[in-house]
Amino acid sequence: MNGPASPPYVSLSELLERLGPLLMRAHNVGGDLPSVDPRVRAAVVWDPSETVPPTKGGVLLLTGASLMPGSASSAIREAAASGYAAVVMKSRDLAEDAIDVSSAGEVQILAAPNDASWNSLHELINDAVSTTPETAPAALTGIAPGDLFSLANAIAAVAGTAITIENVNREVVAYSNIADQGTDDSRRDAILGRAVPDLPWYLARYRAVAMATQPIFFGQENGALDRVAMPVRVGSRLVGSLWAFDEGGTRSDDIARVLADAAPVTSLHLLHADGAYNLQRHRRGELLTAALGSGPLDPGVAQTLAKHMPMVLIGLAHSGETGTDIDLGRAADIVALNAEAIRRTASCTVMGNRVFVLIPDAEQLTDERILSFLNSCQRAVAGAAGIHLRGAYSGLLNAVSDLKGAQTDIETAFRFQTGKASDGSLSVAKDRHRVLLQELSEGTVAVPGRLLESVQTMLDYDADNGTEYAGTLLAYLNAFGDNRRAAEEMMVHENSQRYRMRQLSKKFGIEMDNPEQRLIVWLQLHLQGRKGR
């Protein structure tokens, strides 16, 4: 009779290789690794108020080291006595006394980035331990952790057909590009869009893959060639899928076998790439927080952001009172995922009761796309977290110094929206008259530097061309829309006055049928001191 199966394990050196130096590195004692490469079986979270739980082959996460100075030394001594393979500390918490204890106790110190989430590290270590690719072809070993494109090419070379690697969100994260291996429009469109379309027949296939444990075959459908797909799992958790063309005959079984053998290796690369990406996402969020925070803008932050101009700043706020205290963590996760569908390097951060998103390299970003993004976020957050959000967004920002002004405008837009009947979104560029109206109601003067774009364009046009469109419009507004009186003020024929009014509406986009915009235009022209001839 066979005894119970032993728990999975990896060596400490294998763990570090799977996670990669971006996520974890050995803090060597005296420059040497332990003489014996210990087995790692599980990650264990340490609570500084309790003793270290005995776990042979464990990796102890010292989450409380920064809260209780000096506690790490005793925790490491306990870990050594209990058979732990290693302890993990944030880089900032590493101290000389901890290193000495580690050396004496033969417990390896592992250094993690300061901004890495403890929950993510715990999950990554346990996933790396539980995933052991025992049957992977030799060609799939030795690939750098997280290098999914090299992995896709390696699998394609072994399988003899084109390969696509997708994550659990049906996003194309890598694909092979070996010459002479064919493709079809379906694969090409997915690669170009970096995601599989939300079409019923696609979704039916993904449901089938999610339920499978072995390669699954799909026939030709809607112009797509035959496919074979393999779910990629860590334990029972689906983390992605492998897709290849099914070439029929005996080749079908060969390709399916390669995908099955490659799935465990792929899971490790997906875990590493996902962990590294989450870390990068966190860093981008911290960068945005620093850019929007109080105080002068850090030159390093400004320099990093300046590489990706122009940008668009988007804000979302709870639809209730602005001071309502709610947890926006779940909402921020949903918003971040939607933002990354627009730009993979989008930044997202929570500041108080606000979620801010910064979209880089936004020169091709349209208002329609932004509004679609906001609508998707509002629906998803309301459904998943029961939180109703309102949105506002800036125009294109061409300088890092414009960020805080855009943030101020978005905050003003939120105050304008407070108490309105429905969730909605405002463009602080197109709806600037509403932003300024809110500022006026709060006692802020509409200064020249905050002129409506249409007003500024009109003033510039008059200055450059010797025209008097601004005077014509001010006379018209002073006369409460009476063109005869305005013509007398301007000392022109009434027909000339009417013609000028038609022209300025076309040239400068001023909406004369919008009472809020008329008010702001009149106030700004009046404050500019514009008068009829």
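The structure under discussion appears in the preceding block.
Quick caveat, the model's predicted, so the values are computed rather than measured.

Student: Tell me what's going on with the overall build of the protein, and back it up with residues and numbers.
Tutor: Counting its regular elements, the protein contains 18 helices and 17 strands. Residues counted as buried form 46% of the 533 residues belonging to the protein. Sequence separation of 24 or more characterises 64% of the internal contacts of the protein that already satisfy a separation of 6 or more. By element, 51% of the accessible surface of the protein is carried by carbon and sulfur atoms, the whole surface being about 25,400 Å².

Student: Can you explain the sheet that holds strand S12 (residues 237-245)? Please cite residues and give values.
Tutor: The 5 strands are arranged S9-S8-S12-S11-S10 in an open sheet whose pairing can be described as antiparallel. The open sheet terminates on both sides in strands that have one partner only, identified here as strand S9 (172-175) and strand S10 (216-218). If you compare each strand with its neighbour and ignore which way they point, the axes differ by 25° on average. Pairing geometry for strand S8 (residues 163-167) and S12, over 5 bridges, is antiparallel. Across the sheet, the residue bridging to Asn167 is Gly240, located in S12. The strands touched by helix H5 (residues 148-159) within the sheet are S8, S9 and S12, with S9 carrying the most contacts at an inclination of about 50°.

Student: Please provide a residue-by-residue account of the sheet that holds strand S6 (residues 86-90), values included.
Tutor: If you walk across this open sheet you meet the 5 strands as S2-S7-S6-S5-S4, and the pairing is mixed. A single partner strand is all that each edge strand has here, and the edge strands are strand S2 (25-26) and strand S4 (42-45). Alignment of S2 against strand S7 (residues 108-112), held across 2 bridges, turns out to be antiparallel. Residue Ala26 lies in a different strand from S7, and its bridge partner there is Leu110. Relative to the sheet, helix H2 (residues 71-81) contacts strand S5 (58-61), S6 and S7, its axis offset from that of S6 by approximately 160°.

Student: Describe the pairing of strand S15 (residues 354-359), with residues and values.
Tutor: With 6 of 6 residues buried, S15 lies mostly within the body of the structure. Bridge analysis of strand S13 (residues 312-318) against S15 gives 6 bridges, and the strand direction is antiparallel. Along S15, the bridge assignment pairs Ile314 with Val357. Of the pairings in the sheet, the one linking strand S14 (residues 347-351) to S15 comprises 5 bridges and is antiparallel in character. Across the sheet, residue Val350 finds its bridge partner in S15, namely Val355. Between S14 and the antiparallel strand that follows it, S15, lie 2 residues; Gly352 among them carries a positive phi value of about 65°.

Student: Explain the environment of Asp367 residue by residue, including any values.
Tutor: On the secondary structure map, Asp367 appears in helix H11 (residues 367-385). Judged by relative accessible area, which is 23%, Asp367 ranks as partly exposed. Once the C-alpha coordinates of Asp367 and Tyr393 are considered, the two residues, 26 residues apart in sequence, prove to be 9.3 Å apart.

Student: So, empty space enclosed by the protein: which residues are in play, and what are the values?
Tutor: Summed over the entire model, instances satisfying the criterion amount to 3 cavities of 30 Å³ or more. Roughly 190 Å³ of internal volume is contained in the largest cavity. Surrounding the largest cavity, 17 residues form its lining, Glu166, Ser186, Tyr202, Arg227 and Trp243 being those nearest its centre. Elements with a contribution of two residues or more to the lining of the largest cavity: S8, helix H6 (185-193), helix H7 (200-211) and S12. Among the elements that line the lining of the largest cavity, the one with the most residues is H6, at 4 residues.

Student: Can you explain the packing of aromatic side chains? Please cite residues and give values.
Tutor: Counted according to the given criterion, the structure contains 6 aromatic pairs. Seen in terms of ring centroids, Tyr206 and Trp243 are 5.2 Å apart; in terms of plane orientation they differ by 45°. Their pairing is tilted. Highlighted residues: Tyr206 in helix H7 and Trp243 in strand S12, separated in sequence by 37 residues. No difference in accessibility class separates Tyr206 from Trp243, as the two residues are buried. Ring geometry for Tyr469 versus Phe508: centroids 5.6 Å apart, planes at 75°, classification edge-to-face. With Tyr469 in helix H15 (residues 469-478) and Phe508 in helix H17 (residues 494-508), this pair connects stretches of sequence that are 39 residues apart. We classify Tyr469 as buried; its relative accessible area is 11%. Feature note: the residues Tyr206, Phe218 and Trp243 constitute an aromatic cluster, connected by ring pairs.

Student: Give a detailed account of the side chain of Arg187, specifying residues and quantitative values.
Tutor: For Arg187, the position within the fold is in helix H6. Within the structure, Arg187 has its side chain in polar contact with the backbone oxygen of Ile163 (distance 3.0 Å). Aside from chain neighbours lying at most four places away, what touches Arg187 is Ala162, Ile163, Thr164, Tyr175, Ser176, Arg227 and Phe245.

Student: So what's going on with unusual backbone geometry? Residues and values would help.
Tutor: Most peptide bonds adopt trans geometry, and most residues besides glycine take a negative phi value. Met309 connects to Pro310 through a cis peptide bond whose omega is -5°. Along the chain, Pro310 turns up in the loop between helix H9 (299-306) and S13. Despite not being glycine, Met491 shows a phi value in the positive range, around 60°. Structurally, the position occupied by Met491 is in the loop between helix H16 (483-490) and H17. Taking relative accessible area as the criterion, Met491 reaches 57% and is therefore assigned exposed.

The rules we used
Residues numbered from 1 in each chain as written. Predicted model: local features only at pLDDT ≥ 70, side-chain atom pairs only at ≥ 80, totals over all residues. Heavy atoms only, no water. Helix = DSSP H or I, 4+ residues; strand = E, 2+ residues; numbered from the N terminus. Buried < 20%, exposed > 50% of the residue type's maximum accessible area, 1.4 Å probe, protein only. Contact = heavy atoms within 4.5 Å. Areas by Shrake-Rupley, 256 points an atom, 1.4 Å probe, with all protein chains shown as cover. Pairing = 2+ DSSP bridges. Axes fitted to C-alpha atoms, helices over the stretch in contact; angles between N-to-C directions. 1 Å grid on protein atoms, 1.4 Å probe; cavity = no way out; pocket = protein on both sides within 12 Å on 5 of 7 lines; lining within 4 Å. Points joined across faces, edges and corners; volume = space filled by probe spheres on them. Phe/Tyr/Trp six-rings, centres within 6.5 Å; stacked < 30°, edge-to-face > 60°. Polar contact = N/O pair within 3.5 Å; in protein donor to acceptor, adjacent residues only side chain to side chain.

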